[in-house]
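The residues making up each chain are set out below.
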Amino acid sequence: MPNIKLKSMTDTPAQPSQWKKILSASTISAQDLLIRLELDEHPLLDQNAPSFPLRVPEPFLNKIEKGNPNDPLLLQVLPQAQESLDIEGYASEPLLEQNFSPLPGLIHKYSSRVLLILTQSCAIHCRYCFRRNFPYSEHQQSRQQWQQALDYVATRSEISEVILSGGDPLSLSDSSLEELFDKIDRITSVKRIRIHTRMLPSLPQRITSRLLKVISNLRCKVILVAHCNHPNELANDTERAFLRLKEHGVTLLNQSVMLRHINDDAQILQALSEKLFAQGVLPYYLFTLDKVAGAAHFDLPRSEAKQIYKELCAQLPGFLTPKLAEEQPGDGSKRVLSNH
Ligand SMILES: *Cc1c(COP(=O)(O)O)cnc(C)c1O
Ligand code: SF4
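None of the values given here were measured: they were computed from a predicted structure.

Near ligand 2 you find F52, C122, I124, C126, C129, G167 and R198, and these make up its full shell. Residue composition of the shell around ligand 2, by class: five nonpolar, one polar and one charged.

Here it is, written out as structure tokens:
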């Protein structure tokens, strides 16, 4: 994912806010990361500079256990030599999203909702990311393209939900988001705005008072889908941010990806659901890994994923059990896998 700032969409405030300061310090060298974590070396580290650079903001770094090379949060951000292996069945663009993109930055795959790719930028770089090879340069939305995308939505009354995605849509400034929310909110056929973001576990300071104010003034219902994979990603900082979102009327959901050596265990997933609920968030989806080149070492066989899920279902009430699902190119919805 190239890390190019979209000039047209970024503000230049006199005083960068706290989250922007943390964000700008989040690209660090692997050596500095290891020093911070009191590790002399890491056997899995890619010694060459990876094309998808290491990026981890301070609030996420603080949740990594010092001296533990197998920490489940560390393994999500550490560039590994295995990423450059060419493994059959793992493609650079596994979801063929280009086939469902009638306009740059807009994906219309499921009839009632559209997905807007607003930015290529993220606060954290997750090594398993299915967008790591995404041709973002072809999907950089200028303001004019926003307007084209919103015109597309406005002329299709079957679209009741606009999903903001990326990259991480909350990488945009509050003023850019305010402008966009306002435009979407004027489209009367749209009832819901959904934000998919990994800012909560990685940079919860992103939930600013201004953003909350903008959201609470909208006609549309707002849903935030947090992307947390492990209970250790949740702490006092996420709890505060979730609470404030909730107080401003936002519905809180979470989606996770099942990842080898990170959360491929029913007890860990159970603890994740319990902790999410304690912070006001309901589990939504648990995805199997998208088969993206460079991420094969995070994958597990479907049969094993289903076995773990079966154990998870036996431990949790139905409302705390995420749907085990996968995405198949060409399907009209996410494909839900059963626990039998
Ligand atoms: C996942 C996804 C959605 C949302 O699907 P839900 O089942 O409503 O969460 C919408 N559009 C695209 C392109 C998606 O990949
Ligand atoms: S935050 Fe989301 S889009 Fe960004 S690198 Fe992580 S998984 Fe990918």
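All right, on to the domain arrangement of the protein then. What the domain assignment reports for the protein is domain 1 (16–84) and domain 2 (97–336). Using C-alpha coordinates to define each centre, domain 1 is positioned 23 Å away from domain 2. At the junction of the two partners, domain 1 supplies 25 residues and domain 2 supplies 34 residues. Of the roughly 2,500 Å² buried between domain 1 and domain 2, counting both surfaces, carbon and sulfur atoms make up 61%. Three residues, W19, F52 and Q76, lead the burial of domain 1 against domain 2; their summed loss comes to 32% of the area buried on that side. Run the count over domain 1 and domain 2 and you get two salt bridges. Across the pair R127 and E83 runs a salt bridge whose closest N-O atoms are separated by 2.9 Å. Where domain 1 meets domain 2, there are 13 residue pairs in polar contact (both at pLDDT 80 or more). Breaking the side of domain 1 that touches domain 2 down by element, the ones donating at least two residues are helix 1 (18–24), helix 3 (58–61) and helix 4 (74–77). Among the elements that line the side of domain 1 that touches domain 2, the one with the most residues is helix 1, at five residues.

In the neighbourhood of ligand 1, the contacting residues comprise I107, K109, Y110, R113, L115, I163, R194, Y284, Y285, E327 and K334. Between ligand 1 and R113, the relevant distance is 2.7 Å, taken from an oxygen atom to a side-chain nitrogen or oxygen of the residue. Contact distances for ligand 1 include 3.1 Å between an oxygen atom and a side-chain N or O atom of E327. Protein contacts shield 91% of the accessible area of ligand 1, which totals 390 Å² for the unbound molecule. Elements with a minimum of two residues in the shell around ligand 1: strand 1 (106–110), strand 2 (113–117) and strand 7 (282–287). It is strand 1 that contributes the most residues to the shell around ligand 1, three residues altogether. For the shell around ligand 1, the per-class residue count stands at six nonpolar, no polar and five charged.

Bringing a nonpolar patch on the surface into the picture now. Side chains of F277, L282 and F319 sit close together on the surface and give an oily, nonpolar patch of about 300 Å² of accessible area. Tracing the chain through its elements places F277 in helix 10 (residues 266–278).

Judged by pairing direction, the sheet is mixed, and its nine strands sit side by side in the order 1-2-3-4-5-6-7-8-9 without closing on themselves. Strands at the two margins of the open sheet, each flanked by one partner only, are strand 1 and strand 9 (335–336). With three bridges connecting them, strand 1 and strand 2 associate as antiparallel partners. Each bridged residue has a counterpart across the sheet, and for Y110 the counterpart in strand 2 is R113. Each of strand 1, strand 2 and strand 3 (161–165) touches helix 5 (residues 143–154); the most contacted strand, strand 2, lies at about 180° to it. Sheet strands touched by helix 6 (residues 174–185): strand 3 and strand 4 (192–197). Its angle to strand 3, the strand with the most contacts, is close to 160°.

This next bit is on the pattern of salt bridges. For the structure shown, the criterion picks out 16 salt bridges. Salt-bridge contacts for R210 lead to E178; the nearest nitrogen and oxygen are separated by 2.7 Å. With R210 in helix 8 (residues 209–216) and E178 in helix 6, this pair connects stretches of sequence that are 32 residues apart. On the basis of relative accessibility, which here comes to 33%, the residue E178 falls in the partly exposed class. In this structure, the salt-bridge partner of R260 is D264, at a minimum N-O distance of 3.0 Å. Members of the salt-bridge network, linked through shared partners, are K109, E327 and K334.

A word on the nonpolar core. Side chains that are nonpolar tend, in soluble globular proteins, to be buried together. Core analysis: the biggest nonpolar cluster contains 63 residues, and L164, F181, F242 and L245 have the highest contact counts within it. Summarising the domain contributions, this core has at least three residues from each of domain 1 (16–84) and domain 2 (97–336). One finds L39, L54, V257 and L289 within the second-largest nonpolar core, a separate group that totals 26 residues.

A word on the side chain of S171. Residue placement: S171 occurs in the loop between strand 3 and helix 6. A distance of 2.7 Å separates a polar atom in the side chain of S171 from the backbone oxygen of D168. Not counting residues within four places of it along the chain, the set of residues in contact with S171 comprises W19, T119, S121, C122 and M199.

Okay, helix 9 (residues 236–247) next. End to end, helix 9 covers 16 Å across twelve residues, agreeing with the expected 16 Å (1.5 Å per residue, within 8%). Along helix 9, the residues that are buried comprise D237, T238, A241, F242 and L245. Buried residues of helix 9, seen end-on, are gathered within an arc of 125° and therefore sit on one face of the element. The exposed set on the far side of helix 9, more than 90 degrees from its buried face, consists of N236, R240 and E247.

Conventions adopted
Throughout this document, residue positions are counted from 1 along each chain, in the order its sequence is written. Going through the entries in the order they are written, you letter the chains from A and number the ligands from 1. Given that the model is predicted, a residue must reach a pLDDT of at least 70 before its local features are reported, and side-chain atom pairs must reach 80 or more before they are shown or counted; all residues, however, enter totals for whole chains, interfaces and linings. As a convention, hydrogens and water are excluded, and side-chain values are obtained from all of the structure's heavy atoms. Each residue is tested against the molecule or strand, and it is near if at least one of its non-hydrogen atoms lies within 4 Å. Each residue gets one of three labels, nonpolar for Ala, Val, Leu, Ile, Met, Phe, Trp, Tyr, Cys and Pro, charged for Asp, Glu, Lys and Arg, and polar for the others, Gly among them. In this entry, domain limits derive from an automatic or database-based domain assignment. Between two residues, a contact is recorded if the distance between any of their heavy atoms is within 4.5 Å. Once two parts are put together, the accessible area they lose, assessed with a 1.4 Å probe and summed over both, is termed the buried area. The working definition used for a salt bridge is a side-chain nitrogen of Lys or Arg within 4 Å of a carboxyl oxygen of Asp or Glu. Definition of a polar contact: a pair of N or O atoms within 3.5 Å, with one able to donate and the other able to accept a hydrogen when the atoms are protein atoms, and with sequence-neighbouring residues admitted only if both atoms are side-chain atoms. Each helix is a run of H or I in the DSSP string that is no shorter than four residues. Each strand is a run of E no shorter than two, and both are numbered from the N terminus. Note on areas: Shrake-Rupley, 1.4 Å probe, and residue coverage restricted to the protein chains presented here. In this analysis, a patch consists of residues with relative accessible area above 30% that form no salt bridge, clustered at 9 Å for like charges and at 5 Å for the nonpolar side chains Val, Leu, Ile, Met, Phe, Trp and Tyr. Any two strands between which DSSP finds at least two bridges are classified as paired. Here, axes are lines fitted to C-alpha atoms. For helices the fit covers the stretch in contact, and angles between N-to-C directions go from 0 to 180 degrees. Burial classification: accessible surface area is computed with a 1.4 Å probe over protein chains only, and a residue below 20% of its type maximum counts as buried, one above 50% as exposed, and the rest as partly exposed. Among buried residues, the Ala, Val, Leu, Ile, Met, Phe, Trp, Tyr and Cys ones that are joined through side-chain atoms within 4.5 Å form a nonpolar core. Given a helix with a known number of residues, its expected span is that number minus one, times 1.5 Å. Arc definition: it is the arc formed by the directions from the helix axis to the C-beta atoms.

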